[in-house]
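Residue strings, one per chain:
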Amino acid sequence: MNVLKRVLVKEVLRMAFRDINKNTTNGQRDSVHGEFGLCEDWHSVREQVQVWLNDQDNESVIRKLLDGITVGTKWNKSSQIDETLLDNLLSFLRGQLVYCIDKVVSSSYLTQEFLSERLANAGCLPMFGFPTRVRNMYTRWPRSGNPWPPSSGVIERDLEVAISQFAPGSEIVKDKAVHTACGVVELAPQGSRVVSKPGFVPDLNHGNPSPMGICEHCQAVVYLPGTNNPAPGGVVPDIQDCPICQNHAMRCLDAREPRGFISTLSPKDFEGSFDWSPRSSRPFLGIKDINAQQKQVNNVCISSFADEIISINDNGGKGGFDLQKAKVFDNNYSGVYAEDNDGQNVTVGGPSFRIALLAKRHTDILLVDIDNWPQGVFANPTTVEGRSAWYSFAFTLRMASAALLDVDASELDAGFRVTNKHGIPSGSAFLCDKLENGAGYSSWLGQEENFKNLLIQVTDDNSISIFSRWMDIKHSNACDTSCNLCLRDFYNSMYHGLLDWRLGMDMIRLACDQNAKVDLTSNWGHRENPWQNVVGCTTSRITKTMENLGYKTHINVGGLNVYIHKRPQILIERHPLWTDEHPVYQKIVMLIKEKYPKHMIIPMNPFVAIRRPADYV
Ligand SMILES: [Zn+2]
Ligand SMILES: [Zn+2]
């Protein structure tokens, strides 16, 4: 839904609920439950909302609302509303809105209790007035509900940052003290008192309606069927068969959204050092059936749509944190769950559950897929080279998009998603807006003309393009993988080891032209292939490494380096995205086999040779 539609829906629902509540004999709807009540009560008012929308008398109200919203926009020229727009919106409100809300209410992906909040999170209402993204960590147990939030003893973070920085065991410094996070709770004022509520949605006394599966082999992220009970603590969650790559490698995570956090309530003096935890959750795009329109631009298929971006902190692959019911200063409070800790103030008991921390964000997404792969070239998401290519591609697009839109790169997130295409796991890069419900960047980039310009922005051989900056001899000679002058920045620090500017640029070249030569030798336009900096001359780092590993003979066959060990074993150096089906590789294998029939032939590539040379021992 676009912004105009969201604002109109909110205002129309507000009017409808106001009239419906006026006619309700049992008094006002509880305003604590938000303007539109609880999700579970929706079915009791949906008919009345439909009647209100159909009522001809209310058409003038809607017209007036739309008039107010569109003043000064292109839909409202000289105080005349665009009649086609009005007709379209009226038929949406009358024919579809109630069904849209039904869908949101019954969705197991959404967990908000209040209808208004859930509709906003589903992208049906504007987010204004829903501070749902900010999470508190209480470092002191508040005794009074006034003022609220308490004036001290609270640290605030955006939810996505909070699931890393407030995760159990993380330390955070504030006011010369080190606070150790240990659990979750939601606290709310009730008069002058403070009440505790479940720290997770859904609460740990329920199962999880949509646990997440993350495949360790192909990186696919899928929504799994609901469970009846929370995942047991003390054990790493089960591995299941992955529906995308069929490997027995999908970790099932009981991931839940924290409503608030609590520290051990026993701060230590800050003595200049503490365990700083960098962001440890990555943005994911799960697989759902979304029929977004696909557009063809050069050799890519792009689509833009709104969906949920998920961030998960699974405690470094352990599947989550072991949490138990907790007492605070020896008092029972409902909804407080914590990890066993050294402090005396938050103590735990009873069964433990292994829960991953989840942050969801509904926003605009741009999906970018390579259309045609040349024979024997593929970025396979189950290999480290393939993953590197996708991440490097995504972060190159992100950097170029920020330049094209003239915004800071931190306004956009990037990643890649894996789906099953023609029976094999295949990647697509994605960009998404950082802002809840989108700032419009990704949908703008999803227009053919703009995406075309984006590719030009990267590849143009002028002094300011990414291409010419990275290809500059000073950079290309010095940067074997990635550095702060090319792909690395503060926000992608968790991918630094994986990012590679040459692979990123190869993917961009392929995106521009399906006939682009992806290899280690062919010129890029009138410039020398930058892989030559790494593999080119006989004094290259790789040649020396191979010599040290016992590959004493080094020959060049058909442009490819071949390293021969007396073991007998032969390494053929090829591009990181080449597969065994590449015609040039196959030809060289034949030549080598004739000459060295007893040797075992193994493909090698500079990506792995630089990062993990021991793989070729
Ligand atoms: Zn898989
Ligand atoms: Zn670099």
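Residues numbered from 1 in each chain as written. Chains lettered and ligands numbered in written order. Predicted model: local features only at pLDDT ≥ 70, side-chain atom pairs only at ≥ 80, totals over all residues. Heavy atoms only, no water.

Taking an unreviewed UniProt entry as the reference, the protein chain is identified by name as Putative helicase belonging to Syntrophaceticus schinkii.

Caption draft 1: Examining the coordination of the zinc ion (ligand 2) more closely. At this site the zinc ion (ligand 2) is bound by H475 (NE2), C479 (SG), C483 (SG) and C486 (SG), with donor distances of 2.0 to 2.3 Å. Each of the 4 donor atoms bound to the zinc ion (ligand 2) contributes to angles spanning 106 to 115 degrees, and the resulting shape is tetrahedral. (Donors = N, O, S within 2.8 Å, 3.2 Å for Na, K, Ca; no water. Tetrahedral: all angles 85-135°; square planar, octahedral: opposite > 155°, others 65-115°.)

Caption draft 2: Geometry of the pairing of strand β22 (residues 346-370). Counting buried positions along β22 yields 19 of 25 residues, so the element is predominantly enclosed. One ladder, built from 2 bridges, connects strand β14 (residues 255-258) with β22; its direction is parallel. Within the sheet, the bridge partner assigned to A255 lies in β22 and is A356. Relative to β22, strand β19 (residues 300-313) is paired through 14 bridges, and the arrangement is antiparallel. By the bridge assignment for β22, S304 is matched with L366. Note that strand β20 (residues 321-328) and β22 share 7 bridges and pair antiparallel. Bridge pairing in β22 places F321 opposite I355. Two elements, β22 and strand β24 (residues 424-433), share 4 bridges in a ladder whose sense is antiparallel. (Buried < 20%, exposed > 50% of the residue type's maximum accessible area, 1.4 Å probe, protein only. Helix = DSSP H or I, 4+ residues; strand = E, 2+ residues; numbered from the N terminus. Pairing = 2+ DSSP bridges.)

Caption draft 3: Fine view of the coordination of the zinc ion (ligand 1). For the zinc ion (ligand 1), every protein donor is listed as C215 (SG), C218 (SG), C242 (SG) and C245 (SG), and the spread of their distances is 2.2 to 2.4 Å. Coordination at the zinc ion (ligand 1) comes from 4 donor atoms whose angles at the metal span 108 to 112 degrees, giving a geometry best classed as tetrahedral.

Caption draft 4: Quick peek at the domain arrangement of the protein chain. Taken domain by domain, the protein chain consists of domain 1 (3-121), domain 2 (134-281 + 311-359), domain 3 (362-530) and domain 4 (535-616). Here the C-alpha centre of domain 4 lies 28 Å away from the C-alpha centre of domain 3. With 22 residues of domain 3 at the interface, the matching set in domain 4 holds 20 residues. Summing both partners gives a buried area of about 1,700 Å² for domain 3 against domain 4, and 66% of it is carried by carbon and sulfur. (Domains from an automatic or database assignment. Contact = heavy atoms within 4.5 Å. Buried area = accessible area lost by both parts, 1.4 Å probe.)

Caption draft 5: Representation of the environment of A394 in the model. If you trace the backbone, A394 turns up in helix α8 (residues 384-405). Not counting residues up to four positions away in its chain, the partners in contact with A394 are A414, G415, A429, F430 and L431.

Caption draft 6: Spatial organisation of the sheet that holds strand β27 (residues 569-573). Judged by pairing direction, the sheet is mixed, and its 4 strands sit side by side in the order β25-β26-β27-β28 without closing on themselves. A single partner strand is all that each edge strand has here, and the edge strands are β25 (553-557) and β28 (600-604). Looking at each pair of strands side by side, their axes are set apart by 25 degrees on average, direction ignored. Running at roughly 15 degrees to strand β26 (residues 560-565), helix α15 (residues 541-548) makes contact with β25, β26, β27 and β28 of the sheet. Against the sheet, helix α16 (residues 583-595) engages β25, β26, β27 and β28, with an angle of about 150 degrees to β28. (Axes fitted to C-alpha atoms, helices over the stretch in contact; angles between N-to-C directions.)

Caption draft 7: Just unusual backbone geometry, in detail. Residue P147 follows N146 across a cis peptide bond; omega there is 0 degrees. Of note, P147 is situated in the loop between β3 (134-138) and β4 (154-158). At the junction of W148 and P149, the peptide bond is cis and its omega measures out at -5 degrees in the coordinates. In this model, H422 sits at a positive phi of 50 degrees, which is unusual for a non-glycine residue. Within the fold, H422 resides in the loop between β23 (412-421) and β24.

Caption draft 8: Molecular detail of the packing of helix α1 (residues 3-22) against helix α2 (residues 42-54). Taken N-terminus to C-terminus, the directions of α1 and α2 make an angle of 105 degrees; their axes are 10 Å apart at the nearest point. Classed by the angle they form, the pair α1 and α2 counts as roughly perpendicular. Facing α1, whose interface residues are V12, L13, M15, A16, F17, D19 and I20, α2 presents W42, V45, Q48, V49, W52 and L53. (Parallel < 35°, antiparallel > 145°, perpendicular 65-115°, else oblique.)

Caption draft 9: Main features of the sheet that holds strand β10 (residues 212-215). Strands sit in the order β11-β10-β13-β12 across an open sheet of 4 strands; the sheet is antiparallel. Among the strands making up the open sheet, the edge pair consists of β11 (221-223) and β12 (239-241). In this sheet, adjacent strand axes meet at a mean angle of 35 degrees when their direction is disregarded. Pairing of β10 with β11 involves 3 bridges; the strand directions are antiparallel. Residue I214 lies in a different strand from β11, and its bridge partner there is V221.

Caption draft 10: Structural view of the pairing of β3. Across the 5 residues that make up β3, a large majority, 4, are buried. Strand direction decides the pairing type here: β3 and β4, joined by 5 bridges, are antiparallel. Its bridge partner being in β4, N136 is matched across the sheet by E156. Two elements, β3 and strand β15 (residues 261-263), share 2 bridges in a ladder whose sense is parallel. By the bridge assignment for β15, Y138 is matched with I262.

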